[in-house]
Amino acid sequence: MAPPVQPSPEPQALADLVRRHRFAEPVPVTSPTMPSREAYQRSLARLWETRWLTNDGEFHQQLRASLSGYLGVEHLSLCSNGTLALLLALQAFRITSGEVITTPFTFPATVHALYWNRVRPVFCDIDEKTFNLDPRRVEALIGPETRALMPVHVFGHPCDVEALQAIADKHGLAVIYDAAHAMGVRYGERSILEYGDCSILSFHATKLFSTIEGGAIVTRSRAQRVRIDYLKNFGIEDEETVIGPGINGKLNEFQAAFGLLQLEMLDDEIRNRQRLAGIYRRRLREVPGVLVREDVPGVRHNYAYFPILVDPHRFGMTRDDLYGRLLDFNVRSRKYFYPLCSHYACYAALPSAHRDNLPVAERIAERVLCLPLYGTLEDAAVEQICEILAALQGAPPAAALPGRP
Ligand SMILES: *Cc1c(COP(=O)(O)O)cnc(C)c1O
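Residues numbered from 1 in each chain as written. Predicted model: local features only at pLDDT ≥ 70, side-chain atom pairs only at ≥ 80, totals over all residues. Heavy atoms only, no water.

**So, the packing of helix H2 (residues 37–50) against helix H9 (residues 253–284)**
Remark: H2 packs on H9, axes separated minimally by 10 Å, with the N-to-C direction vectors making an angle of 145 degrees. Like other packed secondary-structure pairs, H2 and H9 cross with a definite hand, here right-handed. Mapping the contact onto sequence places Ala 39, Tyr 40, Ser 43, Leu 44, Leu 47 and Trp 48 in H2 and Glu 253, Phe 254, Ala 257, Phe 258 and Leu 261 in H9. Tallied by class, the residues present in the contact of H2 with H9 amount to 9 nonpolar, 1 polar and 1 charged. (Axes fitted to C-alpha atoms, helices over the stretch in contact; angles between N-to-C directions. Helix = DSSP H or I, 4+ residues; strand = E, 2+ residues; numbered from the N terminus. Left-handed = near helix turned anticlockwise from the far one by under 90°. Contact = heavy atoms within 4.5 Å. Nonpolar A, V, L, I, M, F, W, Y, C, P; charged D, E, K, R; others polar.)

**Looking at the domain arrangement of the protein chain**
Domain boundaries assigned for the protein chain yield domain 1 (11–31 + 265–400) and domain 2 (37–261). Distance from the C-alpha centre of domain 1 to the C-alpha centre of domain 2: 27 Å. Carbon and sulfur atoms make up 66% of the area that domain 1 and domain 2 hide from each other, which totals about 3,300 Å². Together, Arg 293, Phe 337 and Tyr 347 form the three largest contributors to the area buried by domain 1 at its contact with domain 2, with a combined 21%. There are 1 salt bridge connecting domain 1 and domain 2. Counting every contact that joins domain 1 to domain 2 gives 16 residue pairs in polar contact (both at pLDDT 80 or more). Broken down by secondary-structure element, the contributors of at least two residues to the side of domain 1 that touches domain 2 are H9, strand S13 (299–300), strand S14 (306–310), helix H12 (359–367) and strand S15 (368–371). Classifying every residue of the side of domain 1 that touches domain 2 by side-chain character gives 26 nonpolar, 7 polar and 7 charged. (Domains from an automatic or database assignment. Buried area = accessible area lost by both parts, 1.4 Å probe. Salt bridge = Lys/Arg side-chain N within 4 Å of Asp/Glu carboxyl O. Polar contact = N/O pair within 3.5 Å; in protein donor to acceptor, adjacent residues only side chain to side chain.)

**Notes on the nonpolar core**
The biggest cluster of nonpolar side chains holds 110 residues, and the ones touching the most others in it are Leu 67, Phe 105, Met 183, Tyr 280, Leu 284 and Leu 392. Here this core takes 13 residues from H9, the largest share from any one element. In terms of domain composition, this core takes at least three residues from each of domain 1 (11–31 + 265–400) and domain 2 (37–261). Beyond its immediate sequence surroundings of up to four residues, Phe 105 is in contact with Ile 126, Phe 131, Val 154, Phe 155, Tyr 336, Phe 337, Leu 340, Ile 364, Ala 365 and Val 368. (Core = buried A, V, L, I, M, F, W, Y, C linked by side-chain atoms within 4.5 Å. Buried < 20%, exposed > 50% of the residue type's maximum accessible area, 1.4 Å probe, protein only.)

**Focus: the sheet that holds strand S6 (residues 186–187)**
The strands that make up a sheet are held in pairs by hydrogen bonds between backbone atoms, and each pair lies either parallel or antiparallel. On the basis of which strands lie adjacent, the open sheet formed by 3 strands has the order S7-S6-S13 and antiparallel pairing. Each edge of the open sheet carries a strand with a single partner, namely strand S7 (190–191) and S13. One ladder, built from 2 bridges, connects S6 with S7; its direction is antiparallel. Within S7, the residue paired with Arg 186 across the bridge is Ser 191. (Pairing = 2+ DSSP bridges.)

**A few points about a nonpolar patch on the surface**
On the surface, Phe 234, Ile 236 and Val 242 cluster together to form a nonpolar patch covering roughly 260 Å² of accessible area. Inspection of the secondary structure puts Phe 234 in the loop between helix H8 (222–231) and strand S10 (236–238). Relative accessible area serves as the criterion here: at 38%, Phe 234 is assigned to the partly exposed category. (Patch = residues over 30% accessible without salt bridge, like charges linked within 9 Å, V, L, I, M, F, W, Y side chains within 5 Å. Areas by Shrake-Rupley, 256 points an atom, 1.4 Å probe, with all protein chains shown as cover.)

**Structural notes on the packing of helix H4 (residues 82–92) against H8**
Following both chains from N to C, one finds H4 and H8 inclined at 120 degrees, their axes separated by 10 Å at the closest point. Judged by the angle between their axes, H4 and H8 are oblique. Like other packed secondary-structure pairs, H4 and H8 cross with a definite hand, here right-handed. Counted together, Leu 88, Gln 91 and Ala 92 of H4 and Arg 227, Ile 228 and Leu 231 of H8 form the full contact between these two elements. (Parallel < 35°, antiparallel > 145°, perpendicular 65-115°, else oblique.)

**A look at the sheet that holds S15**
Strand order in this open sheet of 3 strands is S12-S14-S15, and the pairing throughout is antiparallel. A single partner strand is all that each edge strand has here, and the edge strands are strand S12 (290–292) and S15. The average angle at which neighbouring strand axes cross in this sheet is 35 degrees, direction not considered. As defined by bridge partners, S12 adjoins S14 across 3 bridges and the pair is classed as antiparallel. Following the sheet pairing, Leu 291 is matched in S14 by Leu 309. This element, helix H11 (residues 319–328), spans S14 and S15 of the sheet and lies at about 25 degrees to S15.

**Some thoughts on the pattern of salt bridges**
With the rule as written, the count across this model stands at 23 salt bridges. The shortest N-O distance in the salt bridge between Arg 283 and Glu 383 comes to 2.4 Å. Separated by 100 residues along the polypeptide, Arg 283 in helix H9 and Glu 383 in helix H13 (residues 379–392) bring together distant segments of the chain. Arg 283 gets classed as partly exposed once you look at its relative accessible area, which sits at 28%. Accessibility expressed as a relative area gives 25% for Glu 383, which makes it partly exposed. Among the ionic pairs, Asp 320 bridges to Arg 319, the shortest N-O distance being 2.8 Å. Judged by its relative accessible area of 32%, Asp 320 falls in the partly exposed class. Of the residues examined, Arg 319 reaches a relative accessible area of 1% and is grouped as buried. The network of salt bridges with common partners includes Arg 64, Arg 225, Asp 229 and Lys 232.

Structure representation (structure tokens):
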């Protein structure tokens, strides 16, 4: 490893730094927006009146309509979580055998959904800049068993949707987007959810927009949406007809009511995050060895996450050391997405999981760190985190800090 570019702060100087800049309370990587308790209590009062708790009740219908309007999409089905949305999407498109090309740089649910549908995941390397499936690497992985592509808009950053669609069209493959991070993202004039055959969203409490647990599937046609609506309700058509082997994937009224109130807060939440991301970028651009990502022209970003890349040679410390160091300051960053899905014991034996096939993903997984970002985080807290990073640059490894166990 190259020597640090700055002289290392003395252990004593580091201890002083911790004393000065340590947060009194832990700063989590994210924190959910909460509607006012009074407003939610009004929704609850209505539920005690109607006693309609789940199964396409009025809050569910309103949320479906409001979300479709907000996103500018026509065909949307709500689900009990993002993972079930993935499972249902694969079932709806009858992708229940063969292979699907996907990314190892994602949350486990993406790949597990394939496995649960008896599909073999084929890992494809990612793009250096977007951290998304690299279209230039996809075609070499297509074989006689390939059924679909399952790209992920990681951290809400749009995939190269045109290039992926061109490949899918050429080879007759479906494209199912895991858009769990891409709530509210627009690409040009359209919602990013309108690309591919369908897109799934997650409304988990840790996501930008939440129904506590929840998710949705956006499809291209009414027929597909209706099919998904049957599939998520046991395949029941009417009291005496079950048209197929469905599952229970419904979103209940308490969650839908919560989501309706949260949706009203979403634009403010995105604006606050955008301002905070601006502070991070301005300050961290000055720190050698920290790479921040910039906005892409023509994209309405959602600032769902704030990932940085830590270059251990220029920063003078590995990502793992920085992660540990930040804990000393009560800053709880997260190593999304480390380890890669291709490293999980259940997938490591797949030929495509070999690290030589995934050099970019391997490197990014070693260097990525998501910093705290949520609307109620204060500007001063972001400034403070940036000051900590700037001061740590060139510092000795975590173990050298006095008083560290
Ligand atoms: C959160 C997430 C999911 C799963 O969503 P749940 O609603 O938690 O089931 C799927 N894919 C990605 C990329 C995610 O981040």
